[in-house]
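Reading the structure
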Amino acid sequence: MKERIKKIFEESISIVSFTNTKTERDIEEYIYQYMSEMKYFKQYPNNFGMKEIPNDVHGRRVNWGLVNSGRKETVILFHHHDTVDIEDYGSLQNIALENEPLKKELLKMDLPKEIQSDICSNEWIFGRGSCDMKASLALQLAVLEEYSKAENPKVNVLYLSVADEESYSQGMRCAITLLAELKEKFDLEYILAIDSEPFESNSNDVKGLHVGTVGKMMPTIVAQGVVSHIKEPLKGINALSLLSRIVSKIDLNPNLYECAKGENSPLPSWSYARDLKEIYDVSTALRAAGYFSVLHLERSPKEIMEIIYTLCEEAIDEFYDNYVKLQDRFCVEHMIAKPKILFFEDLMKLCQEKEGFESFWSQLEQDSAKKLSEGTSYQDITIDNIQQLLEFYGKKEAIIVLAIAAPYYPALSSRNVKNSKIEIEKLVQCYADYLKTNYNFSLNVEEYFMGICDISYCALEKSLKDYTSVMDSMAVSKSVYDIDFENLNKINIPGINLGPWGKDLHKFTERVYEKDVYDTIPNFLLYLLNNIEKIKK
């Protein structure tokens, strides 16, 4: 199996598959062709294929292949096949996908001793996508092929390779529907999903396992002020002043921090905040907008948005109290009411009451789809749509609009998945025992993968309504961004991350530990599939 993994790895890493581009189709074709040559799929040609991602401007697909044991119980092996780009390689871009030439050039650079040592050890494979995650593509595909030869398979294995994980996870969101279709077509029962993202470690004899993943929400705020000439700032409200108060109140605020199962979520951090003026003039800003990330563990989307609403209230109270005091000090009449705060869905309801809303919103949906096809980000589309809604609403008053921008990743702890046949503690012990017995390695278990990954789309911990409310808070239609929560709720699979040791993800010194790719991880995956009863309740 080692030589097979090596062949797939070397071939796949040489194929450009930059995230959110048409180049991803090339690696999809490679995987499809490889599977078409497998003996098993020649015998069962209806057991593999590609599913087109709906409304995808790049025409990408989800690769899938099922080794059917004749039973219902099914383990899913999945990974993403896109990578980030190679701009950070600079003058080395032409060899960014070639391990040996790249290592020779890196040795000529003034790099930290650890990197130099890893190059000279010949134990690490360098290059874009080596670690994140063409190595996992190779080892999972090879495991699938090896398992297809089993004389008495204990469980079905469904292989998935998905696009766009580094951008908006369109591949895995499409895979939710695909999983529902395959479940019905082949009468499957999904019992475990295994992603193989790389783990971090300080030693080659300590392996990593994640039994859940952090969630990610991107709250977006559009502030509308009341325009005034800059010589009379107290006769208006500058939208930038409103937004800056909110940014200061929320940034790194521990009220949005969580501790769960002994792990801590990061503090919230803003990614974008600015006025929305397109040209310079001597008026104050009518509108300003920003968005930030909340990485969460156990809170529901509604709970998070309620905390943000409260923080916005505090920020606006502080702003307005100071604003009124300044008006009194400089003898300016109180003509402007305190800014009000609206959730996006509340603004939508107010607009829906106005004549002409349906045609207005229909055109906005068409425009949004066109912008997305032209490369505009979901975040920019969200902000622009809220601006247009405010224009349609027509009130010349100070307003704060709270929305959510795509993408959204639900948090998941596989320990919390209801009605699961898998006992997570048995799985942990199985892996730990295997590592100790075969390699004298130890296992480090983390409850949440903090890097954000597609495990988010394996199961829902909370009620369906808790998640569908997220879509109501998004200022884009379902034709532009959607998550199939209905099917996700039905599938409900515990998801874990079990991959190779990697370093410097998304950096030009990205690398993966060779022994994990060719030996440790694939051999344990095979062992697990052949001994699936050991981890069941």
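Residues numbered from 1 in each chain as written. Predicted model: local features only at pLDDT ≥ 70, side-chain atom pairs only at ≥ 80, totals over all residues. Heavy atoms only, no water.

**Notes on unusual backbone geometry**
For the record, the criterion: Numbered from the N terminus, helices here are DSSP runs of H or I no shorter than four residues, and strands are runs of E no shorter than two. Any residue under 20% of the maximum accessible area for its type is buried, any over 50% is exposed, and the rest in between are partly exposed; the area is computed with a 1.4 Å probe on protein chains only.
That bond from Asp 132 to Met 133 is cis: its omega, -10°, falls within 30 degrees of zero. Tracing the chain through its elements places Met 133 in helix H6 (residues 130–147). A cis amide bond links Ala 406 to the next residue, Pro 407, at an omega of 5°. Within the fold, Pro 407 resides in strand S15 (residues 399–409). Phi angles above zero are rare outside glycine, and Asp 164 is one such case at about 70°. Tracing the backbone through its elements, the reader meets Asp 164 in the loop between strand S5 (156–162) and helix H7 (170–186). Relative accessible area serves as the criterion here: at 0%, Asp 164 is assigned to the buried category.

**What to know about the sheet that holds strand S20 (residues 511–513)**
Note the threshold: Two strands pair if DSSP finds at least two bridges between them. Here a residue-residue contact requires only that any non-hydrogen atoms of the pair lie within 4.5 Å. Every angle, taken between N-to-C directions, lies between 0 and 180 degrees, and every axis is a line fitted to C-alpha atoms, over only the stretch in contact when it is a helix.
As summarised here, the arrangement of the three strands in space is S4-S20-S19, forming an open sheet in which the pairing is antiparallel. Every interior strand has two partners, whereas the edge strands, strand S4 (124–126) and strand S19 (502–503), have only one. Examined bridge by bridge, S19 and S20 share two bridges and lie antiparallel to one another. Following the sheet pairing, Lys 503 is matched in S20 by Arg 511. Those strands touched by helix H5 (residues 113–121) are S4, S19 and S20, and its axis lies near 105° from that of S4.

**Thoughts on the side chain of Arg 4**
You can see Arg 4 is positioned in helix H1 (residues 2–13). Each residue touching Arg 4, except ones within four places of it in the same chain, is listed here: Tyr 34, Ala 142, Glu 145, Glu 146 and Lys 149.

**Some thoughts on the packing of aromatic side chains**
Where two aromatic rings form a pair, the distance of their centres and the angle of their planes describe that pair. Where we set the bar: Pairing of aromatic rings covers Phe, Tyr and the six-membered ring of Trp, with a centre-to-centre limit of 6.5 Å; geometry is then stacked below 30 degrees between planes, edge-to-face above 60, and tilted otherwise. Whether a charge lies above a ring is judged from NZ of Lys or CZ of Arg, which has to be within 6 Å of the ring centre and within 35 degrees of the ring normal.
Per the counting criterion, the structure on display carries 29 aromatic pairs. Taken together, the ring pairs in this structure connect Tyr 431, Tyr 434, Tyr 439, Phe 441, Phe 524 and Tyr 527 into an aromatic cluster. Between Lys 207 and the ring centre of Phe 441, over which it is positioned, the NZ or CZ distance is 4.9 Å. The cationic tip of Arg 511 hangs over the ring face of Trp 124; the distance from NZ or CZ to the ring centre is 5.8 Å.

**Quick notes on the pattern of salt bridges**
Worth spelling out the cut-off: Between Lys or Arg on one side and Asp or Glu on the other, a salt bridge is scored when a side-chain nitrogen of the former is within 4 Å of a carboxyl oxygen of the latter.
Under the defined criterion, the tally for this structure stands at 39 salt bridges. The salt bridge involving Arg 4 is made with Glu 145; its shortest N-O contact spans 3.3 Å. Here Arg 4 is found in helix H1, whereas its partner Glu 145 is found in helix H6, with 141 residues between them in sequence. The buried category is assigned to Glu 145, whose relative accessible area is 14%. Note that Lys 231 is salt-bridged to Glu 232, the shortest N-O span being 3.8 Å.

**Quick word on the side chain of His 80**
Just so we agree on the cut-off: Identification of polar contacts relies on pairs of N or O atoms within 3.5 Å, with a donor-acceptor requirement for protein atoms, meaning one able to donate a hydrogen and the other able to accept it, and with residues adjacent in sequence counted only if both atoms are side-chain atoms.
Within the fold, His 80 resides in strand S3 (residues 73–80). Looking at His 80, its side chain comes within polar contact range of the side chain of Glu 165, at 3.3 Å. Not counting residues up to four positions away in its chain, the partners in contact with His 80 are Asp 132, Met 133, Val 162, Glu 165, Glu 166 and Glu 197.

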